[in-house]
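An overview of the molecular structure
Listed below are the residues making up each chain.
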Amino acid sequence: MDRLVSAALQDVVALLGCPAAGNPAQYLFERAFAAAGLDWRFLSLDVASDRIGDALAGVSALGFRGCILDGPLRKAALPFLGQASPATAFAGAASLVHTAGDGVLVGHMTDGRAVLAALRMHADVADEHVLVVGAGAVARAMALELALAGAREVLVCNRGAERASALVDDIAALGRATATVVPWQPTLEVPERVRVVVSAVPSLAARAAPEWRGLRGDHVVVDTAIASGTTAMAAAAARAGACFVDGLEVHCQRTAIDFQAWTGREADTDQLREALDEFLDA
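For clarity, every value in this text was computed on a predicted model and none was experimentally measured. (Residues numbered from 1 in each chain as written. Predicted model: local features only at pLDDT ≥ 70, side-chain atom pairs only at ≥ 80, totals over all residues. Heavy atoms only, no water.)

1. Focus on the environment of Arg41
Take Arg41: it is sitting in strand 2 (residues 40-46). Each C-alpha atom of the pair Arg41 and Leu9 lies 10.0 Å from the other, and the pair is 32 residues apart in sequence. Setting aside residues up to four positions removed in sequence, Arg41 forms contacts with Gln10, Asp11, Val12 and Val13. (Helix = DSSP H or I, 4+ residues; strand = E, 2+ residues; numbered from the N terminus. Contact = heavy atoms within 4.5 Å.)

Structure (structure tokens):
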């Protein structure tokens, strides 16, 4: 009887957000589950930062397959994880949690991998000089993946010089790429040697983003901000004739990575992009 009851239960995953409202995760994952023929359930849950430990204990106790973390919960969750991937440790944040067979919660930071996957649709970063704008958790995850993928140099520009210097030191310590601080300026001149520019400035901080100078037609420009309209970075890339990769493409790549981490199956990123466009247009 217990075996029959267990077999009838759905696999459950969740978004833990602070807040969860407005996040497209449930919409995208339910589409992906349906396309894969999986009888999985996705929940979107609001969790206060000071209750994240209780929430994660519930994820484990209730047998959830895992959860996505958003906003301040990404950092707040770290003390409550049983294991953390190298990317999580380097970034100082977790975006995805999966529950191991023994109930241990394992944290992953998949944003960097998503940026790299989106970039590889347009350019190979091996032996390239890459400018990373930002020095928060997402930028750190991006810088790590770029260095591991063979970038020759990772240049870091951030409004706070101390965080930029810390990231440069940590990249250099990997021994995989040289790392350089580019001083923050209201008008940012892209160094001549750079071919790839990646911005991790959050959409809510768009007003803090610099003006761009020196973008060229041979540049590949990535903006991780999720926006339904044209961002300042997108407009600058268009004026320069540069190849532009928007935050929606990056988000779909991250969703596909997270989907595979939980289910072991690949998701159709084109289908995910259609679903994300629908969500934003609703």
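We are not done yet, so read on.
2. A look at the pattern of salt bridges
Between side chains of opposite charge, a pair can form as their charged atoms come close. Using the criterion set out here, one finds 15 salt bridges in the structure. Among the ionic pairs, Arg216 bridges to Glu192, the shortest N-O distance being 4.0 Å. Here the residue Arg216 occupies a position in the loop between strand 12 (211-213) and strand 13 (220-223), and Glu192 occupies one in the loop between strand 10 (187-189) and strand 11 (196-199), the gap between them amounting to 24 residues. Here Arg254 ties to Asp258 by a salt bridge, and the two come within 3.9 Å at their closest N and O atoms. Separated by four residues within a single helix, Arg254 and Asp258 lie in helix 10 (residues 247-263), roughly one turn from each other. Look at Arg254 and you get buried, because its relative accessible area is 13%. (Salt bridge = Lys/Arg side-chain N within 4 Å of Asp/Glu carboxyl O. Buried < 20%, exposed > 50% of the residue type's maximum accessible area, 1.4 Å probe, protein only.)

3. Some points on helix 9 (residues 232-240)
Burial in helix 9 covers these residues: Met233, Ala234, Ala236 and Ala237. Down the axis of helix 9, the buried set is contained in an arc of 165°. They therefore lie on one face. Exposed and facing more than 90 degrees away from the buried side of helix 9 are Ala232, Ala238 and Arg239. Following helix 9 by one or two positions, Gly241 has its phi on the positive side, about 75°. (Arc of directions from axis to C-beta.)

4. Let's talk about the packing of helix 6 (residues 111-119) against helix 10
For the pair helix 6 and helix 10, interaxial distance at closest approach is 8 Å and the crossing angle is 120°. By the angle class used here, helix 6 and helix 10 are oblique. Both helix 6 and helix 10 take part in a crossing whose hand is right-handed. Counting all contacts with helix 6, which are made through Asp111, Arg113, Ala114, Val115, Ala117 and Ala118, the residues of helix 10 involved are Glu249, Val250, Gln253, Arg254 and Ile257. (Axes fitted to C-alpha atoms, helices over the stretch in contact; angles between N-to-C directions. Parallel < 35°, antiparallel > 145°, perpendicular 65-115°, else oblique. Left-handed = near helix turned anticlockwise from the far one by under 90°.)

5. Re the environment of Ala232
Relative to the helices and strands, Ala232 resides in helix 9. According to the relative accessible area criterion, Ala232 is exposed, its value standing at 58%. Along the chain, Ala232 and Asn23 lie 209 residues apart, while their C-alpha atoms are 22 Å from each other.

6. Topic: the side chain of Asn23
Tracing the backbone through its elements, the reader meets Asn23 in the loop between strand 1 (11-17) and helix 2 (25-36). Of the polar contacts made by the side chain of Asn23, one reaches the side chain of Asp70; its length is 3.0 Å. Once you skip the residues sitting within four places of it in the chain, Asn23 turns out to touch Leu15, Asp70 and Phe279. (Polar contact = N/O pair within 3.5 Å; in protein donor to acceptor, adjacent residues only side chain to side chain.)

7. Some words on the state of the cysteines
This model, assessed by the stated rule, comprises zero disulfides. Cys252 provides the cysteine sulfur closest to Cys243, a residue in no disulfide bond, and the two sulfurs are 16 Å apart. (Disulfide = S-S within 2.5 Å.)

8. Looking at the packing of aromatic side chains
On inspection of all chains with the given rule, the structure shows six aromatic pairs. Between the aromatic rings of Phe33 and Trp40, the centroid separation amounts to 5.4 Å while the plane-to-plane angle is 35°, which identifies the pairing as tilted. Taken individually, Phe33 and Trp40 each receive the classification buried, so the pair is uniform in this respect. Note on Phe33 and Phe259: the rings are 5.7 Å apart at their centroids and 35° apart in plane angle, and the pair reads as tilted. Of the two residues, Phe33 is situated in helix 2 and Phe259 in helix 10; the sequence distance between them amounts to 226 residues. Per residue, the accessibility class of Phe33 equals that of Phe259, and both read buried. Through a chain of ring-to-ring contacts, three or more aromatic side chains come together here, namely Phe29, Phe33, Trp40, Phe42, Phe259 and Trp262. (Phe/Tyr/Trp six-rings, centres within 6.5 Å; stacked < 30°, edge-to-face > 60°.)

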